[in-house]
Amino acid sequence: MSTQIRQPVASDRPDTVVRPNVARDTWNVLTRELRPTLRDPFTVIFSLVQPLVFLGLFAPLLVGQSGAPVSETLRWFVPGVLVMIVLFGTGATGSNLQYEMMTGSHERTLVAPISRASLLVGRALKETVPIVVQAIIIVLIALPFGFPVNVAGMVVGILLLAVFGVGLGSLSYTLAIKTKDREWLFWGVQQTLIFPLLILSGVLLPLDDGPAWMRAVATVNPINWVVQAERALFAGDLGAPVVLWGWVAAVLLAAVGLAVGVRAMRRSD
């Protein structure tokens, strides 16, 4: 009786190393993170409750105090609400990673043959999808109340928000990695930083008449430049200098956030 000899294959060799493909791994992480959102899109809509409360209750106060036409007030306020969506939503997204770390799910992904940089970049890119959807919903809600929109400026403005969200999301994931299972520390740092940054960005109230020290701090607050750029873009002033500074702030934040986040992910255990 003849026996068939099985030829060894590459997978049988103990020294075979599966080399990760960063682009492929990033795409796989991105699609994995998007699945829960696609299965339950109402989570994206439900997260709009807070911005809608500000839009419905705070905007009328601004109209009454300023005496300006409703359209002008909305043109100033709505772009700030869009930045607020990114600030509150993306800034808290690290809590999802922290939950995975506490349940052991993240630990299993670390030992998988996948680039650790992709684990961070894929998650950060995922944040662009809810940002775009939520921004469009807010604009559609504001339109019947007299909010004027420049279509080209809106498209560029949403792209700017997406870049800004990638940077902010990366920093949120970094905070989650550093705080590990200490939820109180994550939320303590997040809440301590997010509200001063919000106030010093001129989202809710103009800073023109504020104290000199507040105006000085606002000049180094990247969120302030993103807010100003969004207002100029939605007004159709695409060539305004503040638009350039808004892009500089968003790109720098994204670069720093990704660099810090990838480094933290590679060192995580």
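As a reminder, the structure under discussion sits directly above these lines.
What follows is about the nonpolar core. Leu82 and Phe164 are the most contacted members of the largest nonpolar core, which totals 43 residues. Those elements that place two or more of their residues in this core are α3 (49-66), α4 (70-91), α8 (128-142), α9 (151-179), α10 (183-199), α12 (222-234) and α13 (241-267). No other element matches the eleven residues that α4 contributes to this core. Not counting the four nearest positions on each side in its chain, Leu82 is found in contact with Ala135, Ile138, Val139, Leu161 and Phe234. Counting 14 residues, the second-largest nonpolar core is a separate cluster that includes Leu110, Ile114, Leu119 and Ile177.

Inspection of helix α5 (residues 94-103) places Gly94, Leu97, Gln98 and Glu100 among the buried residues, and these make up the whole buried set. All buried residues of α5 project into a common sector of 160° when viewed along the axis, lining one side. Each element contacted by the buried residues of α5 is listed here: α1 (22-39), α6 (105-110), α7 (116-126), α9, α10 and α13.

Think of an α-helix as turning once every 3.6 residues; residues three or four places apart then point the same way. With 17 residues, α10 should cover 24 Å at 1.5 Å per step; its first-to-last C-alpha distance of 25 Å lies within 8% of that length. Of all the residues in α10, the buried ones are Phe186, Gln190, Ile194 and Leu198. The arc enclosing the buried residues of α10, seen along the axis, measures out at 60°, which places them on a common side. Exposed side of α10, more than 90 degrees from the buried face: Trp184 and Thr192 are the residues found there. Where α10 is buried, its residues contact α4, α5 and α9.

Criteria and thresholds
- Residues numbered from 1 in each chain as written.
- Predicted model: local features only at pLDDT ≥ 70, side-chain atom pairs only at ≥ 80, totals over all residues.
- Heavy atoms only, no water.
- Core = buried A, V, L, I, M, F, W, Y, C linked by side-chain atoms within 4.5 Å.
- Buried < 20%, exposed > 50% of the residue type's maximum accessible area, 1.4 Å probe, protein only.
- Helix = DSSP H or I, 4+ residues; strand = E, 2+ residues; numbered from the N terminus.
- Contact = heavy atoms within 4.5 Å.
- Arc of directions from axis to C-beta.
- Expected span 1.5 Å × (residues − 1).

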